[in-house]
Amino acid sequence: MPSTATVFDRPPGFWQALRTLLRHRLVHPRWSERVLPPEALERIGERVRESERRHGGQIRVVVEAALPLSYLWRHLRDRVPLRRIVRERALMLFGKLRVWDTERNNGVLIYLLLAERAVEILADRGLNAHVSEAQWRSVLARLSEALAAQQFEQGLTQAVQEVSALLEAAFPPVQGTTPVNELPDAPLRL
């Protein structure tokens, strides 16, 4: 006798996967403008610009409302943990935006995915040689706390300041020269 499958026969993770898919597909890109209006992004960009005058590193901030469908499909089809998918997206942007391509290998990407309130901070090998994993976890923890409290601008500003302090310690400006700005300072909204 043939059996019929229903949505209730799906594996236990089906409903969670469906919620994730809907959360990302129903998030309107304008939501990112509501939680981080253009003026807030402008202030964050100014903080990046100010910080880069005090060190030889580069900071890039990216805010994305939701993951592209191709990443969600991979999460659902291959059952790749969403945390890993977010990290892969941040890594892709790290390369695509050429954060890895700074002269001293000291670019840093601060990536915020609003649909998940997930954050990733990726640093190139030049800076990672000077910063411990515990220091990065500490910066991420404070940023995550701010996001959980709906303090998006304050959290990103604090993260920029903390990353800037790490860059100042590892890459102080060369005496008598003006630091070269290799990457845009304005946060990118996707």
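Small disclaimer: the values here were computed from a predicted structure and weren't measured. Just so you know, the residues in each chain are numbered from 1, in the order the chain's sequence is written. Note on the predicted model: pLDDT of at least 70 is required for a residue's local features to be given, and 80 or more for side-chain atom pairs to be given and counted; whole-chain, interface and lining totals, by contrast, use all residues. Side-chain metrics in this entry use all non-hydrogen atoms of the structure; hydrogen atoms and water are not considered.

So, on to the side chain of histidine 55. Examined against the element boundaries, histidine 55 turns out to sit in the loop between helix H3 (38–52) and strand S1 (58–64). By the criterion applied in these results, polar contacts are pairs of N or O atoms within 3.5 Å in which, for protein atoms, one can donate a hydrogen and the other can accept it, and in which residues neighboring in sequence qualify only through two side-chain atoms. There is a polar contact of 3.0 Å between the side chain of histidine 55 and the backbone oxygen of serine 51. Among the polar contacts made by the side chain of histidine 55, one reaches the main-chain amide nitrogen of glycine 57 at a distance of 2.9 Å. With sequence-adjacent residues up to four places away left out, histidine 55 is seen in contact with Ser164, Leu167, Glu168, Phe171, Pro172, Pro173 and Pro179. Helix and strand definitions here come from DSSP, where helices need a minimum of 4 consecutive H or I residues and strands a minimum of 2 consecutive E residues; each element is numbered from the N-terminal end. Note on contacts: a residue pair is in contact if any heavy atoms of the two residues lie within 4.5 Å.

Attention now goes to helix H5 (residues 82–96). To estimate how far a helix should extend, the number of its residues minus one is multiplied by 1.5 Å. Over its 15 residues, H5 extends 21 Å from the first C-alpha to the last, a length consistent with the 21 Å expected when each residue adds 1.5 Å. Accessibility here uses a 1.4 Å probe with only protein chains present; expressed as a share of the type maximum, an area under 20% marks a residue as buried, one over 50% as exposed, and anything in between as partly exposed. Within H5 the residues assigned to the buried category are Leu82, Ile85, Val86, Arg89, Ala90, Leu93 and Phe94. Against helix H1 (14–26), S1, helix H4 (69–78), strand S2 (107–113) and strand S3 (118–123) lie the buried residues of H5. At the exit of H5 stands arginine 98, carrying a positive phi of roughly 60 degrees.

Turning our attention to unusual backbone geometry. Even without being glycine, arginine 98 reaches a positive phi, approximately 60 degrees. Among the secondary structure elements, arginine 98 is positioned in the loop between H5 and S2. Non-glycine residue glutamine 150 carries a positive phi angle of around 65 degrees. Considering the arrangement of structural elements, one finds glutamine 150 in the loop between helix H7 (133–148) and helix H8 (152–170).

Mapped onto the elements, serine 32 comes out in helix H2 (residues 30–35). A relative accessible area of 1% places serine 32 in the buried class. Excluding residues that lie within four positions of it along the chain, serine 32 makes contacts with Pro37, Val63, Ala65, Leu114 and Arg189.

Let us now look at the pattern of salt bridges. Where charged atoms from two side chains of opposite charge come close, those side chains can pair. Within this document, salt bridges are pairs made up of a side-chain nitrogen of Lys or Arg and a carboxyl oxygen of Asp or Glu, the two lying within 4 Å of each other. This structure, assessed with the given rule, holds 13 salt bridges. Arginine 54 is the salt-bridge partner of glutamate 168, the closest N and O atoms lying 3.0 Å from each other. Residue glutamate 168 is located in helix H8, and its partner arginine 54 is located in the loop between H3 and S1; the two are separated by 114 residues in the primary sequence. Of the charged contacts in the structure, one is a salt bridge between glutamate 120 and arginine 83, with a shortest N-O distance of 2.9 Å. Taken together, the positions of glutamate 120 in strand S3 and arginine 83 in helix H5 put the pair 37 residues apart, joining distant regions of the chain.

Before going further, it helps to examine a nonpolar patch on the surface. Judged by side-chain polarity, Trp15, Leu18, Leu22 and Leu26 come together as a nonpolar surface patch covering roughly 390 Å² of accessible area. Its place among the elements puts leucine 18 in helix H1. Judged by relative accessible area, which is 30%, leucine 18 ranks as partly exposed. Like charges within 9 Å and nonpolar side chains (Val, Leu, Ile, Met, Phe, Trp, Tyr) within 5 Å are joined into patches, using only residues over 30% in relative accessible area that form no salt bridge. We get accessible surface area from the Shrake-Rupley algorithm with a probe of 1.4 Å; when it comes to residues, only the shown protein chains can shield them.

Next up on the list: the nonpolar core. Among the nonpolar cores identified, the biggest contains 37 residues, and Leu36, Val61, Ile110, Leu112, Leu127 and Leu156 are the most heavily contacted of them. Every element with two or more residues in this core is listed here: H2, H3, S1, S2, S3, H7 and H8. At eight residues, H8 tops the list of elements feeding residues into this core. Setting aside its immediate chain neighbours within four residues, isoleucine 110 contacts Ile59, Arg60, Val61, Val62, Glu120, Ile121, Leu143, Leu156, Ala159, Val160 and Val163. By size, the runner-up hydrophobic cluster in this structure holds 19 residues, among which are Ala90, Leu97, Leu109 and Leu122. What we call a nonpolar core is a set of buried Ala, Val, Leu, Ile, Met, Phe, Trp, Tyr and Cys residues that are connected through their side-chain atoms within 4.5 Å.

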